[in-house]
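Working through the structure, step by step
Given next are the chains, with one letter for each unit.
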Amino acid sequence: MKNIIFNKKFDNRGMTLIEVLIATSLFVLLMGGFVEMLIWANHGKDVVWEQLTTQSEGRKVVQDFVNDLRRANYSNIGAYPLETATSQQIVFYSNIDLDNWLERTRYFLDGKILKKGITKPSGTPLSYPPVNETIIEVAHDVANGAGPIFYYYDQVYTGVTDTPMSYPINISNVRVVGVQLMLEERPNVSPAPFYIEAKTAIRNLKTN
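Notes on the structure follow. (Residues numbered from 1 in each chain as written. Predicted model: local features only at pLDDT ≥ 70, side-chain atom pairs only at ≥ 80, totals over all residues. Heavy atoms only, no water.)

Some details on the pairing of strand β1 (residues 82–85)
Both β1 and strand β2 (residues 89–94) contribute to a ladder of three bridges, which runs antiparallel. When the bridges of β2 are listed, Leu82 appears paired with Phe92. Connecting β1 to the antiparallel partner β2 that follows it, the hairpin turn spans three residues. (Pairing = 2+ DSSP bridges. Helix = DSSP H or I, 4+ residues; strand = E, 2+ residues; numbered from the N terminus.)

Observations concerning the pattern of salt bridges
When the charged atoms of two side chains lie near each other, side chains of opposite charge can form a pair. On inspection of all chains with the given rule, the structure shows ten salt bridges. For Asp99, the salt bridge goes to Lys120, with nearest N and O atoms at 2.9 Å. Of this pair, Asp99 sits in the loop between β2 and β3 (103–110) while Lys120 sits in the loop between β4 (113–119) and β5 (134–139), and the two are 21 residues apart along the sequence. On the basis of relative accessible area, Asp99 is assigned to the partly exposed category, the value being 28%. For Lys120, a relative accessible area of 37% translates into the label partly exposed. Across the pair Asp110 and Lys115 runs a salt bridge whose closest N-O atoms are separated by 2.8 Å. A relative accessible area of 40% means that Asp110 is categorised as partly exposed. A relative accessible area of 15% means that Lys115 is categorised as buried. Sharing partners across several salt bridges, the network here consists of Asp97, Asp99, Glu103 and Lys120. (Salt bridge = Lys/Arg side-chain N within 4 Å of Asp/Glu carboxyl O. Buried < 20%, exposed > 50% of the residue type's maximum accessible area, 1.4 Å probe, protein only.)

Some words on the nonpolar core
Counting residues in hydrophobic clusters, the biggest one holds 31 residues, and the most contacted among them are Phe65, Ile90, Tyr152 and Leu181. Of all elements in the fold, only α1 (17–70), β1, β2, β3, β5, β6 (150–153), β7 (176–183) and β8 (194–201) reach the threshold of two or more residues within this core. Per-element tally for this core: the top contributor is α1, with five residues. Beyond its immediate stretch of four places on either side in the chain, Leu181 contacts Val61, Val62, Leu114, Val142, Asn144, Ile149, Phe194, Tyr195 and Ile196. (Core = buried A, V, L, I, M, F, W, Y, C linked by side-chain atoms within 4.5 Å. Contact = heavy atoms within 4.5 Å.)

Side note on the sheet that holds β1
With antiparallel pairing, five strands are arranged side by side in an open sheet as β1-β2-β3-β4-β5. Two strands bound the open sheet, and with one partner strand each, they are β1 and β5. Direction aside, the axes of adjacent strands within the sheet are offset by 20 degrees on average. Relative to β4, β3 is paired through seven bridges, and the arrangement is antiparallel. Following the sheet pairing, Asp110 is matched in β4 by Ile113. (Axes fitted to C-alpha atoms, helices over the stretch in contact; angles between N-to-C directions.)

Okay, structure coming up:
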């Protein structure tokens, strides 16, 4: 029986320069796509976190506003509970810290920041000196623009119809106040502004 021997020739030349270039290019493309995917994933996480922070801030300021205004009353010097009522500013007297005094409380828009000014009564005779006002920032990235933040309703408001009073507001007729905020930290990134609203009656001005 004859032994048949097969001769095999092996190509020991390895990869050519062109093959190396092609493999390197593919690797770079794959790594570039992977890195870009990681960047966008991290970017999406940041956007979601920013939106959650904005929503939390918006809910808190609206709830604080409702609580403050609901307790509005005649000031310690006898001033009417509501002093100013415009589309982007409201001033009223309320015992916001539950002490023995009613603070002059002012919510107003300054650029894109909603601020809260608090003035405690002092002196003899008692007064509310404007220089004693303490101002804090309560909401950032307000996107209302020139649109109203505060709405006012008179004694005919039942909660069914939602037609506010016309500006300028007759303060003595106000019984319910509404607040509407649009918050948007990065307009070019966020899918939509966060919108929150609430209404509250001024308890000490109820007539029915």
